[in-house]
Amino acid sequence: MSTDNLKYRSFLSETSHEEQSRILTGPAKFELTYFNFTCIGATPRYLLAYAKADWVDNQIDPNTFDEEQAHDLPFGVMPVLKVQPKEGDGEVVVAESWVVDTFLAQRFGLLGGNAFEEQTIKAFYSHVHYLRERCLMKMTWTFADKRKVAFETFAEKQLPWWISVSEQHLERNGANGHFFGDKITLADIHLVSTLDHFAELPRGAEIVDKFRASPLLWRVKETVEADPRIAAWRESEEFKKLHEGGKKFYTITAVAEE
Ligand SMILES: N[C@@H](CCC(=O)N[C@@H](CS)C(=O)NCC(=O)O)C(=O)O
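Each chain carries its own residue numbering, running from 1 in the written order of its sequence. Totals for whole chains, interfaces and linings use all residues, but because this is a predicted model, local features are given only for residues with pLDDT of at least 70 and pairs of side-chain atoms are given and counted only at 80 or more. Processing note: side-chain calculations cover all non-hydrogen atoms of the structure and skip hydrogens and water entirely.

Trainee: Describe the site of the ligand, and please don't skip the residues or the numbers.
Mentor: One heavy atom within 4 Å of a molecule or strand makes the whole residue count as near it. Contacts to the ligand come from Tyr34, Phe35, Ile40, Phe65, Val77, Met78, Pro79, Glu96 and Ser97. Within 3.5 Å is the distance limit for a polar contact, defined as a pair of N or O atoms, with the added protein rule that one can donate a hydrogen and the other accept it, and that residues adjacent in sequence qualify only through two side-chain atoms. Contact between the ligand and Met78: an oxygen atom at 2.8 Å from a main-chain N or O atom of the residue. Ser97 has a polar side-chain atom sitting 2.6 Å from an oxygen atom of the ligand. Areas reported here follow the Shrake-Rupley algorithm with a probe of radius 1.4 Å; residue values treat only the protein chains shown as occluding. For the ligand, the accessible surface in isolation is 510 Å², of which the surrounding protein chains cover 64%.

Structural data, given as C-alpha cells:
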C-alpha cells in the first residue's frame, strides 16, 4: 500500500512509546472530540467534569462533520481523547469509547482499589455499555419500516431481561445504589449517562419508566446524581445544551405516523 493512502490519523508519532506512556500517566490536560450531543460522548464528559480535569470539549456539528475532520481521527469516528502534558510538548490520542472511558476512569480512581475490583467494575461497565450498543444497533439505527417492532423487542424483551440480571447483582451488593462496592464507579456513571441517552430518544420516556420501576437501578441513578460534582455538571448550561442537542438529533429516528 502506498503511503498516499494512509489518511486516518496514526497512533504512532515521532515520540517514543515510553514518552507517550509518560504523557498518559503524568499531569495532563485533555481535549475530547465528539458530536454536540450526548450519547457515546456523554460518559467521558461526566468523568472529566467529575474529576474537575483541565479539559476542552471539542463539539462537532454532525451536519458539517467532513472527511478532513474524520481523517484527524484514527478510525474516522468519535469519541477521541487527546492527552497533552501539562508542561512541555507532545500529544497522545486515545480512541474507541470503551478505551477512552476506562482510561479516564482509571486515572480518576473510579475503577476500585485492586485488580479484582477493577475487573468487576469493568464487567458492570461493559454490561451497561452493551445495553446502549444493543439499543443503538438494533433499535435506533434500524431500517425505518422496522423501527416499531425494534422498539417493542427492545422495550419488552431485551430491556426487561437486562434489568432482571442487573437487579440480581444490585441485590447482592446490598441494594446500596452501586453496582459494586460502596463508592461511585465508572459502571454507576455509565448507567446515568446511558439513561440520559435513552431519555433523548423519541419514545425514551417509556424506556426510562422501566428503569424507574426498578428501585434497585433507580437508586444507582439517584446516588450518582446526588454527588455534588455530578450534580454541578448536570446543572451546567453546557450539559443542558448537549442533552437538548440529543433530543433534537434523535427525532430523525422516530417511528413514522401510520
Ligand atoms: N467503535 C466506536 C464507534 C464510534 C462511533 O460510531 N461514533 C459515531 C458517533 S456515535 C461517529 O463518530 N460517527 C461518525 C460519522 O457519523 O461520520 C466507539 O465505540 O467509539
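After presenting the structure, the write-up continues.
Trainee: So what's going on with helix H11 (residues 237-249)? Residues and values would help.
Mentor: Only DSSP runs of H or I covering at least 4 residues are called helices, and only runs of E covering at least 2 are called strands; the numbering of each starts at the N terminus. Expected helix span is taken as 1.5 Å per residue step, with the number of steps being one fewer than the number of residues. Compared with the 18 Å implied by 1.5 Å per residue over 13 residues, the 18 Å span of H11 between its first and last C-alpha is a close match. Two residues form a contact once any of their heavy atoms are found within 4.5 Å. Its buried side turned inward, H11 meets helix H2 (42-50), strand S2 (55-60), helix H7 (186-200) and helix H10 (228-235).

Trainee: Give a description of the sheet that holds strand S3 (residues 80-85) that names residues and reports values.
Mentor: With mixed pairing, the four strands of this open sheet are ordered in space as S2-S1-S3-S4. This sheet does not close on itself; its edge strands, each paired only once, are S2 and strand S4 (92-95). Looking at each pair of strands side by side, their axes are set apart by 20° on average, direction ignored. Here S3 runs beside S4; their pairing, made up of four bridges, is antiparallel. When the bridges of S4 are listed, Lys82 appears paired with Val93. Along the sheet, helix H4 (residues 97-107) makes contact with strand S1 (28-35), S3 and S4, crossing S4 at roughly 115°. Being paired, for any two strands, means DSSP has found at least two bridges between them. To get an axis, fit a line to the C-alpha atoms, keeping to the stretch in contact for a helix; angles then go from 0 to 180 degrees between the N-to-C directions.

Read these as geometric descriptors, not functional statements.
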